[in-house]
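These are the residues of each chain, in order.
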Amino acid sequence: MSQYPTISEQLDDVETARTEGRRKMEWARQHMPILNALREEFERDRPFEGQRIGMAMHVEAKTANLVELLADGGAEVAITGCNPLSTHDDVSAALDTHENITSYAKRGVDDDEYYEAIEAVVDIDPTVTVDDGMDMVAAIHEDRPDLIDTIVGGCEETTTGVHRLRAMDADGALEYPVFAVNDTPMKRLFDNVHGTGESSLATIAMTTNLSYAGKNVVVAGYGDCGRGVAKKASGQNANVIVTEVEPRHALEAHMEGYDVMPMAEAAEVGDVFITVTGNRDVITREDFERMNDGVLLANAGHFDIEIDLDALSDLAVDQYEARDGVEAYELEDGRRLNVLAEGRLVNLASPIALGHPVEVMDQSFGVQAVCVRELVENGDAYDAGVHDVPDELDREVAEIKLAAEGVEFDSLTDAQTEYMGSWQHGT
Ligand code: NAI
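Residues numbered from 1 in each chain as written. Predicted model: local features only at pLDDT ≥ 70, side-chain atom pairs only at ≥ 80, totals over all residues. Heavy atoms only, no water.

### As for the site of the ligand
Piece 1. As a structural note, the neighbourhood of the ligand is formed by 27 residues, with T158, T159, T160, E244 and H249 the closest of them.
Piece 2. The separation between an oxygen atom of the ligand and a polar side-chain atom of T159 is 2.7 Å.
Piece 3. The side chain of H249 places a nitrogen or oxygen atom 2.6 Å from an oxygen atom of the ligand.
Piece 4. Contact with the protein chains covers 88% of the free accessible surface of the ligand, which is 870 Å².
Piece 5. Elements with a minimum of two residues in the shell around the ligand: helix 8 (159-170), helix 9 (185-208) and helix 10 (224-235).
Piece 6. For the shell around the ligand, the element with the highest residue contribution is helix 9, accounting for four residues.
Piece 7. Its residues assigned to classes, the shell around the ligand comprises six nonpolar, 16 polar and five charged. (Near = heavy atom within 4 Å. Polar contact = N/O pair within 3.5 Å; in protein donor to acceptor, adjacent residues only side chain to side chain. Areas by Shrake-Rupley, 256 points an atom, 1.4 Å probe, with all protein chains shown as cover. Helix = DSSP H or I, 4+ residues; strand = E, 2+ residues; numbered from the N terminus. Nonpolar A, V, L, I, M, F, W, Y, C, P; charged D, E, K, R; others polar.)

### So, the domain arrangement of the chain
Interface size is commonly expressed as the accessible surface area that is lost when the partners come together.
Piece 1. Each domain of the chain was delimited in the assignment, giving domain 1 (7-187 + 356-405) and domain 2 (195-349).
Piece 2. Just the C-alpha atoms count here: the centres of domain 1 and domain 2 sit 29 Å apart.
Piece 3. On the domain 2 side, the residues contacting the 16 residues of domain 1 number 14 residues.
Piece 4. Note on domain 1 versus domain 2: buried area summed over both sides is about 1200 Å², and carbon and sulfur give 60% of it.
Piece 5. Joining domain 1 to domain 2, the criterion identifies zero salt bridges. (Domains from an automatic or database assignment. Contact = heavy atoms within 4.5 Å. Buried area = accessible area lost by both parts, 1.4 Å probe. Salt bridge = Lys/Arg side-chain N within 4 Å of Asp/Glu carboxyl O.)

### Looking at the packing of aromatic side chains
Piece 1. Inspection of the entire model under this criterion finds five aromatic pairs.
Piece 2. Summarising the aromatic geometry, the rings of F179 and Y382 are spaced 5.0 Å apart at their centres and angled 75 degrees between planes, so their arrangement reads as edge-to-face. Placement of F179 in strand 6 (residues 177-180) and of Y382 in the loop between helix 16 (358-378) and strand 15 (385-387) is noted, with a sequence separation of 203 residues between them.
Piece 3. The exposure class assigned to Y382 is buried, which follows from its relative accessible area of 15%.
Piece 4. Aromatic side chains Y222 and Y258 sit 6.0 Å apart centroid to centroid with 65 degrees between the ring planes, which places their arrangement in the edge-to-face category. Taken together, the positions of Y222 in the loop between strand 7 (216-220) and helix 10 and Y258 in the loop between helix 11 (247-255) and strand 9 (259-260) put the pair 36 residues apart, joining distant regions of the chain. The same class applies to Y222 as to Y258, namely buried. (Phe/Tyr/Trp six-rings, centres within 6.5 Å; stacked < 30°, edge-to-face > 60°. Buried < 20%, exposed > 50% of the residue type's maximum accessible area, 1.4 Å probe, protein only.)

### Here we look at the pairing of strand 2 (residues 76-80)
Two faces belong to every sheet, and in a regular strand the side chains alternate between them.
Piece 1. Counting buried positions along strand 2 yields four of five residues, so the element is predominantly enclosed.
Piece 2. Read from strand 1 (residues 52-56) through helix 4 (residues 61-72) to strand 2, the crossover connection turns out right-handed.
Piece 3. Relative to strand 3 (residues 101-103), strand 2 is paired through three bridges, and the arrangement is parallel. Counterpart to V77 in the pairing with strand 3 is I101.
Piece 4. Taken together, strand 2, helix 5 (residues 89-95) and strand 3 form a β-α-β motif whose crossover is right-handed. (Right-handed = clockwise from strand over helix to strand, strands pointing away. Pairing = 2+ DSSP bridges.)

### Brief notes about the nonpolar core
Piece 1. By size, the foremost hydrophobic cluster in this structure holds 48 residues, and its most contacted members are I53, M55, L66 and V77.
Piece 2. When residues of this core are assigned to their parent elements, the largest contribution, 10 residues, is made by helix 16.
Piece 3. Judged by nonpolar contacts, the second largest core, of 30 residues, contains I118, A139, I148 and V386. (Core = buried A, V, L, I, M, F, W, Y, C linked by side-chain atoms within 4.5 Å.)

### As for a nonpolar patch on the surface
Piece 1. On the surface, L412, Y419 and M420 cluster together into a nonpolar patch covering about 380 Å² of accessible area.
Piece 2. The class for Y419 is partly exposed, based on a relative accessible area of 47%. (Patch = residues over 30% accessible without salt bridge, like charges linked within 9 Å, V, L, I, M, F, W, Y side chains within 5 Å.)

### Things to note about the packing of helix 9 against helix 10
Piece 1. Where helix 9 contacts helix 10, the two axes come as close as 7 Å, and the packing angle between them is 45 degrees. Between helix 9 and helix 10, the crossing angle belongs to the class labelled oblique. Both helix 9 and helix 10 take part in a crossing whose hand is right-handed. Along the contact surface, helix 9 presents R188, N192, V193, H194, T196, G197, E198 and L201, while helix 10 presents D224, C225, G228, V229, K232 and A233. (Axes fitted to C-alpha atoms, helices over the stretch in contact; angles between N-to-C directions. Parallel < 35°, antiparallel > 145°, perpendicular 65-115°, else oblique. Left-handed = near helix turned anticlockwise from the far one by under 90°.)

Below you can see the structure in the form of structure tokens.
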């Protein structure tokens, strides 16, 4: 067993933290009908009996409900964070009280501690992995390849993790099956679009106490997340500018009525910059040099490499905390460029961040839960590599949600099913 301390061993007033963490989890649970429906099933059937699940995710109240769901379904679970700043210590401590759960997640860890905590999770010899960003899959392949034979499979939550996994798969280096949970309609069309849009904008507004109305909000990357950020910023009366490298996405943004231009031009006019590309070096030294005094710089992509903070530090003559979660970089001519949440994904890493709305994460985690069930029940059916989530699993989650919302919808008639499956019907 690992020597790395659990969250309970790291906190001074662990009892108070547990109580507060449990309160946050209970609130979230009241708004998670999908996980609640699956809990009834899993408590009855105990599908994960004998399984050990290793998780690296943003440890806050919604995730905690997924973790408990898996544990209540019979699994032994170990979890740590997937970002040094996104853990809620009180929630982590509340999770750690469950007899089947060990939590190593702590906010504010340094790089060494971050990877040591992942090693500690890997030390339970997981049979299933659940990742957000792929750091656990990477740690297992690099440091503990001896575990791969007993792992039935993994699930990946986010776009960047799926990109990394596909690159690994293309290199022939991915040695067990992993579901691309991110790519399902129930995740991508809601979590990435609405979740990232709402929570990033809300967090930036709360962290700065500033308004969007009348401002130029530059959204870098018009993928699923960027669409949400742009739409919601526009809804708050911002003038939205989009930067892109993919011509069809640039055209789509243009046809939505947004200004589209290169970052070098956007840098001269933007008031608020939000990067959501999953790429590196999206805002660089040349851009900082053109920016106006007082701009806000926030990243909502997975890693903290979208805004080149090393270059900004080099340019700055002074650097200080302007507010909680806001670091001001003062340039030689007096201009101040304000970076939120150290350039880490703002909607989870800012001090007041709560992540996506509960309802949205209920959907994403519903997909995670049925994917873990699928791996445990039918893991043999999947070869090593990245797999799309079977569509019937995604539909199952959608149907649970619609039933919980009291929304009824139509079914195809036999004639319609036959028509849709036929190539012989023409004019
Ligand atoms: P996506 O692949 O749908 O969109 C990314 C877009 O960025 C693409 O249109 C691409 O052409 C564009 N892009 C790439 N390099 C660029 C550059 N240098 N300049 C301008 N545009 C560029 O990906 P998605 O789903 O929108 O995710 C984006 C990032 O957000 C990923 O890192 C993902 O993991 C992360 N994410 C963050 C969440 C959060 O809670 N903050 C939630 C979900 C995803």
